[in-house]
Amino acid sequence: MSRYLLVKLAEVLGAMLTVSFIVFLVLEANVEDVAVKVLGAYSAPDQRQAWLQENGYFDPFVLRYLRWLWNFVTLDWGSSTHYRVPILEILPQRLAATGILAGITLAIMVPVALILGVLAGMREGSAVDRGVSFFSVLTTSIPEFATAVFLSAIFVFWLRLLPGASTMLSGFSVTEMILPVSVLTLYSAGYLARITRASMVEAMRSPYVRTALMKGASTSRIVLRHALRNALIAPVTVVMLQIPWLLSGVIVVEVFFAYKGFGTLLYEAALNTDVYLIEACAMVSVVVVVATQLISDVLYRLLNPRIRFGDEPAGATT
Amino acid sequence: MNTARLVAGLKSPTVVVGGLMVGIWVVCALFAPWIAPYDPLQNKAPLQLPLSTGPDGSFYFLGTDLLGRDIFSRLVYGARTVVLWAGLATATAFVVGLAMGLAAGFYRGWVDRVLSFVANVILSFPVLVLYILVIVTFGASGINIVLAVTFASAPGIFRIVRALTIDIAAQDYVAAAIVQGESPLRIMAAEILPNAAGPLIVDACLRLGYTTITIGVLGFLGLGLPPPTPDWGGMVNDGRPMAIAFPHMVIFPCIAISMMTLGLSLLADGIREVGLSPVRSGGKEA
Amino acid sequence: MSEASVVTVDRLTVALPRGADRPYAVEDVSLEVRKGEILCVVGESGSGKSILSAAVMGALPRGLKLAGGSVRFGGRDLAKLKGAELRAIRGNEIAMVFQDPMAALNPAIHVGKQVEEVFEIHTKIPAEERRARAMALMEATHLPEPARIYKSYPHEISGGQCQRVVIAMALALEPKLLIADEPTTALDVTTQAQILKLFNELRSGHHHGILFITHDFGVVREVADRVAVMRHGKLVEIGPAADVLDRPKADYTRSLIAAVPSLNPPPRTTDLSKPPAVTCTDLVAFYGPVKALKEVSLAIPQGSTLAVVGESGSGKSTLARTLIRLHEPGGGSIRVGGVDYTQLSGGELQKRRRLIQMIFQNPFGSLNPRRTVGDVLTRAGVLGGSSLQGAKARALELLDLVRLPREAFDRRPENFSGGQRQRISIARALAMNPEIVIADESVSALDVSVQAQVLDLLDDLQKKTGMTMLFITHDLRVAAQIADFIAVMRRGEVVEYGPARKVLKAPEHPYTRELVAAAPGQHAPTVEGAAE
């Protein structure tokens, strides 16, 4: 297990280093550009030169990259040029706000999707199955901003039940949370339900379920004792992989409902070409994605008795 | 694809409904000048409601936007933007993903390790962050969107093609071709690719849907094609400030894009089902 | 209907869905299983034997419908029972043993628990005693270290041990009827012999009636008291084993039994004095760190056949794949056609591939479903060095040679049966004019009558073309029928190598002796109160 973890960690670190290099390359390869972005379009050329000189921008690229990486690792992330504050003063609280949004979404979405998927997969081809399948195709196909528009049209414009924005200006508000959470839940539940269904169908078709049937086991015993355990391995790992996906949806939803989270921060940073803030946000999101991938992988191995740590997943020989 | 399969496809309601939903917009894209009643860029009468007649006597089926442009005409021309750029972006992503996946799956070894690592690195970005990074740095244009989509979705296609290739390459007919001294390129083209075509067509439909969503999302975030190009996502973005009072400006573009993406999903589902039905060749003897 | 009858199948008919190649999967079949006997139902693929066993269990696959007849069991008609009633009988009064034991067990639950579950479902026995009884059952089926195996997952024990667990599970509540559907087909021959011994022990206990489904007449001879032969869903013949096996009434039975390969090698006329077509010396191959081939040395005289025999994991397929360079050799040499085949690489290897050709195991995986037969054969000819015109003409000749109609040229593989596909594969291999043809388990996926035809064809082709053949098989009986020489492999090593007759009749290595003894069909069941 430890050997496997070490190899995996090395892989993950390698990927993260490469990604950080790409981020740095894309945003800071052209030093003139950086000066314009930091000092503004109306700064004088010699002013920019002086600033570049002062901040070590004429050093070799690799040296600048290593210095930048070191600063990132030591949590010296610089200041936002747009907000005029140190990045570490705004980013954590925005991340926490997004954490709350994503946390509530997962808490609702995961049980709903798993239950729907299991019910559908239990009886392949039944009315429940077809209903769930249609629901998941519908919700996953519609872009999240369209879902947001439709839900707002119904609940804000027409029924006037809910607020159209979630700025949380006067503290945390449950009613303001309802729409963003609903949009994210609808958007992500369909996919998880689909995976769960497929996994459940496969388990219900397996020879060991037939064995249980021939032992005289009841339907509930077959589902709960035999099928479910094997069927949940795939969806549980998928939940972790969905977190990065959710992160993309979060940006759109936060922007739509003006929710002050990590997504809007990244978005505003991008619109204002706030170089250091974009870099920080990009790196944070990469860390989140890589961490969830790692957890998902470890989880898969823990849940599946057929794979011992150190084996390749597809290790079966004939 | 043989005729029996085609007939089965036309009998499947999923395929027909999905095909119609996509087909309507493809027709709009092809014949936009003849279908759209007005110039999509012309300022006619601002903020007309749907099914209303303007001061100059023009009828507005879906109303007009803030700048007085006819929404229906903009939707019809917007279909062009989507079909063109989503199609192009998906196609280039497929070419790249296909080439990488075939090579990795067939050769394995270090080729596979290098390509898989590259794919994993790109997949460590949340997709949207990647798009934002690319568009912010290189600017918003059709070509940049194509490049960004290719960069971001080729790894996903790569993974599917690689898995399919590994699967098919393990078949004895591929071993037979190797043993006959067939060249690797010809093996990939004649033995592997035709047998991977079914799942890849399904995946292409789904990807086209994702790309449509991506272009829509970028437009919605104001990072899409530069104005005044009619673009569904951009129309939602333009109408958003006034959406509470005039929801028709955002609802119709949302319906258009949802129709397109849902249609593509249904098409993918339908094709998959038809492909799995008993028309399929080569079962196992019990 | 005798008093000892456990289950009586009376004029049972099962309908296939519309559009199938015949209206009924099982048609008008009547038979009974008596207490203390093993009734073998034997037939080729598509004979309906497995559907029959499913119908007796009341578990017909989706799409199949009972169209008439009854299955009487203890005063009830199993065909009419539903839900709870059926559940009360399954695992309790009727139990089942499956073909693929590894897949039949839940991968995520300890095997001991799975045996215990039968008590949990049908009885109120307390947990402590359940465990003790499960353990006793596992001991009774001769599982080594039952305590350790109790706490193992299926993937942690061997296939044979899995089958013993499944049998222990089936015996838990002393069922009146035990149904075994091809219980030894997925197992190695020595393991098969042990499991068959276990079945014979069960019969001697007199507690159960056993319905034993199989395709293998060798297995039938080892265990059957009575035999029922099925074909196309109908019962062809039923009677005491001695009668059906040695004095069959039906022509079909006679032809089936005649097709079963025997361990006695027929006389062969091959000239064995020719120089070797292929010589491999100290051939080594690795799978990761595992040495799958340990210094294997063999030589095959031109125009003769060497059969390599071994169980799963013996390295026989690795030998084939290494010889043909599908797997990279880790050392040693292969001399063929005047070159060292191991030293070739890149374009040079591609050009010389023609020298060694292969006929693969799975007839459904060895032909590209997208290409026509003519296209495949012509391309092989072109790669072998012919002109396009020449290759086309040769392809048609090859179709004649493998006894397929010339119309096959324009068809795709989906239009052909398993046996026909193997003929196409043979033609493809011959299209390149190879020095040596390797047949890797090329007849093991085929029904016995088709198998006999393909073996016959290979023999005939060898006489006509003088080809040299390396024949890989797990079945000593098949080897006996086709080989001039036999090499026995075990754990990557050749343990015995010599003329076929000598290896079979006077084996020197203890493992060869074990294999020869395990080949099914040599001994009738240890008769002890068998019916009749």
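Residues numbered from 1 in each chain as written. Chains lettered and ligands numbered in written order. Predicted model: local features only at pLDDT ≥ 70, side-chain atom pairs only at ≥ 80, totals over all residues. Heavy atoms only, no water.

Visitor: Explanation requested: the pattern of salt bridges in the structure shown.
Guide: Pairs may arise between side chains of opposite charge once their charged atoms sit close together. On inspection of all chains with the given rule, the structure shows 51 salt bridges over all chains. Here Asp 246 of chain C makes a salt bridge to Arg 221 of chain C, at a shortest N to O gap of 3.3 Å. With Asp 246 of chain C in helix H10 (residues 241-246) and Arg 221 of chain C in helix H9 (residues 217-223), the pair connects residues that are 25 residues apart, well separated along the chain. Given the relative accessible area of 47%, Asp 246 of chain C is considered partly exposed. Classification of Arg 221 of chain C by relative accessible area gives partly exposed; the value is 26%. The salt bridge partner of Asp 400 of chain C is Arg 406 of chain C, with a shortest N-O separation of 2.8 Å. Looking at Asp 400 of chain C, the relative accessible area reads 39%, which means it is partly exposed. For Arg 406 of chain C, a relative accessible area of 40% translates into the label partly exposed. Because the salt bridges share partners, they merge into one network encompassing Lys 215, Arg 221 and Arg 225 of chain A together with Lys 113, Glu 116, Glu 117, Glu 120 and Arg 130 of chain C. (Salt bridge = Lys/Arg side-chain N within 4 Å of Asp/Glu carboxyl O. Helix = DSSP H or I, 4+ residues; strand = E, 2+ residues; numbered from the N terminus. Buried < 20%, exposed > 50% of the residue type's maximum accessible area, 1.4 Å probe, protein only.)

Visitor: Where do I start with the nonpolar core in this structure?
Guide: Grouped together as the largest cluster of nonpolar side chains are 118 residues, with contacts concentrated most on Leu 91 of chain A together with Trp 232 of chain B. For this core, the element with the most residues is helix H13 (residues 275-303) of chain A, which contributes 12 residues. Two domains each put at least three residues into this core: domain 1 (1-76 + 274-318) and domain 2 (91-272) of chain A. Setting aside anything within four residues of it in sequence, one finds Leu 91 of chain A in contact with Trp 77, Phe 262, Leu 265, Ala 280, Cys 281 and Val 284 of chain A. Counting residues in hydrophobic clusters, the runner-up holds 90 residues, among them Leu 31, Phe 212, Val 223 and Val 244 of chain C. (Core = buried A, V, L, I, M, F, W, Y, C linked by side-chain atoms within 4.5 Å. Domains from an automatic or database assignment. Contact = heavy atoms within 4.5 Å.)

Visitor: When you look at the pairing of strand E11 (residues 276-287) of chain C in this model, what are you seeing that I'm missing?
Guide: Along any regular strand, the residues point their side chains to alternate faces of the sheet. Residue and element names in this part refer to chain C. In this sheet, strand E12 (residues 290-301) lies alongside E11 in antiparallel orientation, the contact comprising eight bridges. When the sheet's bridge partners are listed, Tyr 287 is paired in E12 with Val 290. If you look at the hairpin formed by E11 and E12, you'll find two residues sitting between the two strands, and Gly 288 has a positive phi there, around 60°. Pairing analysis gives five bridges linking E11 to strand E14 (residues 331-336), with the strands arranged antiparallel. Looking at the pairing, Cys 280 lines up with Ile 334 of E14. (Pairing = 2+ DSSP bridges.)

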